[in-house]
Amino acid sequence: MKELFGSPGKKSGLILRIGQCLFAAASIGIMASASGFSTTTAFCYLIAAMGLQVLWSVGLACLDVHALRFNKDLHNHIIISLFVVGDWVTATLSLAAACSSAGVMVLFTRDTTICQMELKFSCYMFQISIAFAFASWFLLAISSFVNDFFRCPHTEFNILPQQWL
């Protein structure tokens, strides 16, 4: 079986999971430390979605560390299917939270004068937190696509079945 960047149980997969966790944690920390975030539902949803992302990424990073330490193969169909479904769920929630928060920021910065007039809002911190959320989602999307390749029955990554070649 070919090894792809970011595959489960490999160093590159561990790096992707750690990156997801760090970007999601940074998004939570910056958003939670910004004043006025709790007045907007989308920002609270971003914190909840990134919290789920941190938990999911830490769990899979621990599984990758275990596989690397004890030289285990995580390319089992059931394990890969669990990774794919979990990645899809967390990716959907993370992207929805980041997009809704970004939409609120567009409203705040371009359509209203809330960011200029309200000193209690930390608009720049909100924007940085949203950028970290998108970065976490991007790394999660890479992991999800790589795991989806392993879930396919054609493990050599051929697009056509062998009898057609």
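Structural data are supplied above this passage.
Only a predicted model underlies this, so the values are computations on that prediction, with no experimental measurement involved.

1. A short note on the nonpolar core
- Membership of the largest hydrophobic core comes to 22 residues, with the highest contact counts inside it found for Met31, Phe43, Leu46, Met105, Phe108, Phe126 and Ile130.
- Mapped onto this core, the elements with two or more residues apiece are helix H1 (11-33), helix H2 (41-69), helix H3 (77-111) and helix H5 (123-151).
- The element contributing the most residues to this core is H2, with six residues.
- Those residues in contact with phenylalanine 43, other than ones at most four positions away along the chain, are Met31, Phe37, Ser101, Val104, Met105, Phe108, Phe126 and Ile130.
- If you look at the next biggest cluster of nonpolar residues, it comprises five residues, including Trp56, Ile80, Phe83 and Val84.

2. Quick look at the state of the cysteines
- Summed over the entire model, instances satisfying the criterion amount to one disulfide.
- A disulfide bridge connects cysteine 115 with cysteine 123, and the sulfur atoms are separated by 1.9 Å. Disulfide cysteine 115 to cysteine 123: torsion about the S-S bond roughly -90°, handedness left-handed.
- Exposure remark for cysteine 123: the relative accessible area of 9% places this residue in the buried category.

3. Side note on the packing of aromatic side chains
- According to the stated counting rule, one finds five aromatic pairs in the structure shown.
- Ring centres of phenylalanine 43 and phenylalanine 108 lie 6.3 Å apart, and the angle between their planes is 80°; this geometry places the pair in the edge-to-face category. Placement of phenylalanine 43 in helix H2 and of phenylalanine 108 in helix H3 is noted, with a sequence separation of 65 residues between them. The same class applies to phenylalanine 43 and to phenylalanine 108, which are both buried.
- Taking the centre distance of 4.5 Å and the plane angle of 40° together, the rings of phenylalanine 43 and phenylalanine 126 count as tilted. Here phenylalanine 126 lies in helix H5 and phenylalanine 43 lies in helix H2, a separation of 83 residues in the sequence.

4. Concerning the environment of phenylalanine 132
- Tracing the backbone shows phenylalanine 132 in helix H5.
- Phenylalanine 132 sits in the partly exposed class, given a relative accessible area of 26%.
- Taking the C-alpha atoms as reference, phenylalanine 132 lies 5.3 Å from phenylalanine 23; in sequence the two are 109 residues apart.
- The contact partners of phenylalanine 132, leaving out residues within four places of it in the chain, are Phe23, Ala26, Ser27 and Ile30.

5. Re the side chain of serine 57
- Its location among the elements puts serine 57 in helix H2.
- Judged by its relative accessible area of 0%, serine 57 falls in the buried class.
- Excluding its chain neighbours within four sequence positions, the residues that come into contact with serine 57 are Arg17, Gln20 and Cys21.

6. With respect to the pattern of salt bridges
- With the rule as written, the count across this model stands at one salt bridge.
- One salt bridge in this structure joins arginine 17 and aspartate 87, with 2.9 Å as the shortest N-O distance. Of this pair, arginine 17 sits in helix H1 while aspartate 87 sits in helix H3, and the two are 70 residues apart along the sequence. One exposure class covers both arginine 17 and aspartate 87, and it is buried.

Quick notes on the rules
Residues numbered from 1 in each chain as written. Predicted model: local features only at pLDDT ≥ 70, side-chain atom pairs only at ≥ 80, totals over all residues. Heavy atoms only, no water. Core = buried A, V, L, I, M, F, W, Y, C linked by side-chain atoms within 4.5 Å. Buried < 20%, exposed > 50% of the residue type's maximum accessible area, 1.4 Å probe, protein only. Helix = DSSP H or I, 4+ residues; strand = E, 2+ residues; numbered from the N terminus. Contact = heavy atoms within 4.5 Å. Disulfide = S-S within 2.5 Å. Phe/Tyr/Trp six-rings, centres within 6.5 Å; stacked < 30°, edge-to-face > 60°. Salt bridge = Lys/Arg side-chain N within 4 Å of Asp/Glu carboxyl O.

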